[in-house]
Amino acid sequence: KLKGPAPVLELGGGTGAGFQIVCGDRALASGGGGGGGGAFGAFGTGLDREEVVRRNGSIGGGSGGGVQLFWPSNLTDKPWEALHWKSWSTGGGGGCGTCKQESDDNSTQAKDPRCLTCGNKFDDVGAVDKDLGQKVVSGWRDGPLRRCYEAGKLAVIG
């Protein structure tokens, strides 16, 4: 059993990656994702397994990602000269973490010291049906992306 104050450990970390596709000085696409995790609680030698699990404040992690596509409002404009643009975006994320033992929730799950809870946030504004999505992406690829490539103004950053 624990004698004296519990040794406390706090740690965390994260990662991320992203890219942009540009045409001259105009963005055609931006995308990225990231993740992170952390822990806070009582750890150390001399503690039995159940005591460590019961005393931990939180352990969890999560991830997310998103993308935006841009194209000139007037599809006949040269992308590297266009002043007005339209865009479409999508994204979401998810994560899991330990349940709080001091929860008002009287369920068996919340009382279990090994309980995990997870959640996801799905895209609720950028979702389209498969055929329309393919039409948008094909139009973007065959329109501004191809025109910028053929003009020698296409670059990828990231």
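Now for a description of the structure that goes with this document. Please read all numbers here as calculations on a predicted model, not as lab measurements.

## Points about the state of the cysteines
- Under the counting rule described, the total for this entry stands at two disulfides.
- Bridging C23 to C148, the disulfide has an S-S length of 1.9 Å. Note on the C23 and C148 pair: the S-S dihedral is about -95°, so by sign convention the disulfide is left-handed. Of this pair, C23 sits in strand β1 (residues 8-23) while C148 sits in helix α3 (residues 130-150), placing them 125 residues apart in sequence. Pair check on accessibility: C23 and C148 agree, each one buried.
- Each sulfur of the disulfide joining C96 and C118 lies 1.9 Å from the other. Here the S-S torsion is close to 110°, and the disulfide linking C96 with C118 is therefore right-handed. Here C96 is found in strand β4 (residues 85-98), whereas its partner C118 is found in strand β5 (residues 116-121), with 22 residues between them in sequence.
- A relative accessible area of 38% places C96 in the partly exposed class.
- Residue C118 is classed as exposed on the basis of its relative accessible area, which comes to 54%.

## Some points on the pairing of β5
- Here β5 lies mainly on the outside; zero of its six residues are buried.
- As paired elements, β4 and β5 share six bridges and run antiparallel to each other. Considered in β5, the bridge of G94 is made with N120.

## Some thoughts on the pairing of β4
- Taken together, the 13 bridges between strand β3 (residues 58-72) and β4 define a ladder with antiparallel strand orientation. Bridging across to β4, S63 finds its partner in G94.

## What to know about the nonpolar core
- Core analysis: the biggest nonpolar cluster contains 10 residues, these being I21, C23, L28, A29, L69, W71, W80, W140, L145 and C148.
- For this core, the leading source of residues is α3, giving three residues.
- Setting aside chain neighbours within four positions, we find W80 in contact with C23, D25, R26, R147, C148, A151 and K153.

## A look at the pattern of salt bridges
- The full count for this structure, using the stated rule, is three salt bridges.
- The partner of R26 in a salt bridge is D25, and the shortest N-O contact between them spans 3.1 Å.
- Exposure remark for R26: the relative accessible area of 22% places this residue in the partly exposed category.
- Under the relative-accessibility criterion, D25 is labelled exposed at 63%.
- For R141, the salt bridge goes to D142, with nearest N and O atoms at 3.7 Å.
- We classify R141 as partly exposed; its relative accessible area is 38%.
- Ionic contacts of the salt-bridge type, sharing partners, join the residues R141, D142 and R146 into one network.

## With respect to α3
- The end-to-end C-alpha separation of α3 is 28 Å, in line with the 30 Å expected for 21 residues at 1.5 Å each.
- Along α3, the largest kink reaches about 30° and is centred on R141; proline P144 follows within four residues of it.
- A positive backbone phi angle near 75° is found at G152, which sits one or two residues after α3.

Cut-offs used in this document
Residues numbered from 1 in each chain as written. Predicted model: local features only at pLDDT ≥ 70, side-chain atom pairs only at ≥ 80, totals over all residues. Heavy atoms only, no water. Disulfide = S-S within 2.5 Å. Helix = DSSP H or I, 4+ residues; strand = E, 2+ residues; numbered from the N terminus. Buried < 20%, exposed > 50% of the residue type's maximum accessible area, 1.4 Å probe, protein only. Pairing = 2+ DSSP bridges. Core = buried A, V, L, I, M, F, W, Y, C linked by side-chain atoms within 4.5 Å. Contact = heavy atoms within 4.5 Å. Salt bridge = Lys/Arg side-chain N within 4 Å of Asp/Glu carboxyl O. Expected span 1.5 Å × (residues − 1). Bend = angle between axes of the 7 residues up to and from the residue.

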